[in-house]
Amino acid sequence: MAAARGLSIGAATLRAVTPWPRGRLLAASLGLQARREVSSSSSEAGEGQIRLTDSCVQRLLEITEGSEFLRLQVEGGGCSGFQYKFSLDTVINPDDRVFEQGGARVVVDSDSLAFVKGAQVDFSQELIRSSFQVLNNPQAEQGCSCGSSFSVKL
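The shown structure was predicted, so the numbers you read here are calculated from the model rather than taken from an experiment.

### As for helix H2 (residues 54-63)
All of the buried residues in H2 are Cys56, Val57 and Leu60. The arc that holds every buried residue of H2, seen down its axis, measures 95°, which confines them to one face. Buried residues in H2 make contact with strand S2 (51-52), strand S3 (69-76), strand S5 (96-101), strand S6 (104-109), strand S7 (120-125) and strand S8 (130-135).

Below, the structure is given as structure tokens:
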């Protein structure tokens, strides 16, 4: 029964989530790193909130221009069933939720928010890559060893 519910969630997500043609793909990865501290100026994440780390805020302020913001989407796919997608965008849709911290904005559509509520968005810079990542996602049961996909708790 749980497997059947998992398949129906995936199908609903695939139908509801559409790509953003204006967005520029930056990077997508499930963070498997140690926890990072959230900015002391941010409030604690409430129900349905997304928190931004200091490094995420700093990087967004460096790369966004004018009305640009970081869009976080969850799409069906990847090794574990779902994957994160980050892009820069300028259009806020009626079903979007805007999370702002320190002048940086992250926007999540209502369908994707169900899969990332309570999570943290971080920017990680390593020798081999730099990317935005979702850390500490309470909706994720497990991630793939590749670090770019996750499965949801049922």
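### Overview of the environment of Ser110
By secondary structure assignment, the location of Ser110 is in helix H3 (residues 110-116). On the basis of relative accessibility, which here comes to 38%, the residue Ser110 falls in the partly exposed class. Placed 14 residues apart in sequence, Ser110 and Asp96 show a C-alpha to C-alpha distance of 5.8 Å.

### Thoughts on unusual backbone geometry
Although it is not a glycine, Asn136 sits at a positive phi angle of roughly 50°. Position of Asn136 among the secondary structure elements: in the loop between S8 and strand S9 (140-143).

### A closer look at the side chain of Gln101
Tracing the chain through its elements places Gln101 in strand S5. Accessibility expressed as a relative area gives 9% for Gln101, which makes it buried. At 2.8 Å, the side chain of Gln101 and the backbone oxygen of Leu52 are in polar contact.

### Focus on the pairing of strand S10 (residues 149-152)
On S10, burial covers both faces: Ser149 and Ser151 on one face and Phe150 and Val152 on the other are all buried. Of the pairings in the sheet, the one linking strand S4 (residues 82-89) to S10 comprises two bridges and is antiparallel in character. What sits directly across from Phe82, in S10, is Phe150. Both S9 and S10 contribute to a ladder of three bridges, which runs antiparallel. Residue pairing in the sheet places Gln142 in a bridge with Ser151 of S10.

What counts as what
- Residues numbered from 1 in each chain as written.
- Predicted model: local features only at pLDDT ≥ 70, side-chain atom pairs only at ≥ 80, totals over all residues.
- Heavy atoms only, no water.
- Buried < 20%, exposed > 50% of the residue type's maximum accessible area, 1.4 Å probe, protein only.
- Helix = DSSP H or I, 4+ residues; strand = E, 2+ residues; numbered from the N terminus.
- Arc of directions from axis to C-beta.
- Contact = heavy atoms within 4.5 Å.
- Polar contact = N/O pair within 3.5 Å; in protein donor to acceptor, adjacent residues only side chain to side chain.
- Pairing = 2+ DSSP bridges.

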